[in-house]
Amino acid sequence: MSSLARKFQQQQQVERTVQERPIVKTKKHWLTPGEKVIGIVFTGLVCFGAVHLISNQAEIYQVNKEIQEVQTSINEMEKVNNDLQVQVSELSTYERIWEKAKQMGLVLNENNVKVVHEE
């Protein structure tokens, strides 16, 4: 074989070897698998924290609402108690008691009157 034929044969072999090698493209990932795991864990923790925070705020809101309802009922009861106290003081006046006693036929005997002091 001539040297020209050999060169041509060598060139063809080189071209075949170049063509035979599969071209492997390496994908460049934006994040590594470890970074992805860390990101997912962090996202999960943030979501858990947000849900926990919102649930705590809802419970606090409920407790505050109940406190206000109890406070309202206490205020209403105090108002009723004050009204009843005023009625008691009005009904326990000396004049009113004397009128009721007269209607029932009682008479005032100064010798039978005893004074009781409240302590």
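Note that the structure is predicted; figures quoted are calculated from it, not measured. (Residues numbered from 1 in each chain as written. Predicted model: local features only at pLDDT ≥ 70, side-chain atom pairs only at ≥ 80, totals over all residues. Heavy atoms only, no water.)

### Some remarks on the overall build of the protein chain
Counting its regular elements, the protein chain contains three helices and zero strands. Here the protein chain holds 119 residues, and 1% of them are scored as buried. For the protein chain, the exposed area adds up to about 12300 Å²; of that, 60% sits on carbon and sulfur atoms. (Helix = DSSP H or I, 4+ residues; strand = E, 2+ residues; numbered from the N terminus. Buried < 20%, exposed > 50% of the residue type's maximum accessible area, 1.4 Å probe, protein only. Areas by Shrake-Rupley, 256 points an atom, 1.4 Å probe, with all protein chains shown as cover.)

### Section: helix α3 (residues 94-103)
Of all ten residues making up α3, only one are buried, and the element is barely covered by its neighbours. Taken from the residues just after α3, Gly105 is the one with a positive phi, measuring 90°.

### Quick notes on the confidence of the model for the protein chain
Model confidence for the protein chain is summarised by a mean pLDDT of 85, while 87% of its residues fall at 70 or above. Mean pLDDT per element in the protein chain: helix α1 (residues 3-20) is the minimum at 65, and helix α2 (residues 33-91) is the maximum at 96. (pLDDT = per-residue confidence, 0-100.)

### Side note on a nonpolar patch on the surface
Taken together, the side chains of Val37, Val41 and Leu45 present a nonpolar region at the surface, about 280 Å² in accessible area. Considering the arrangement of structural elements, one finds Val41 in helix α2. Of the residues examined, Val41 reaches a relative accessible area of 48% and is grouped as partly exposed. (Patch = residues over 30% accessible without salt bridge, like charges linked within 9 Å, V, L, I, M, F, W, Y side chains within 5 Å. Salt bridge = Lys/Arg side-chain N within 4 Å of Asp/Glu carboxyl O.)

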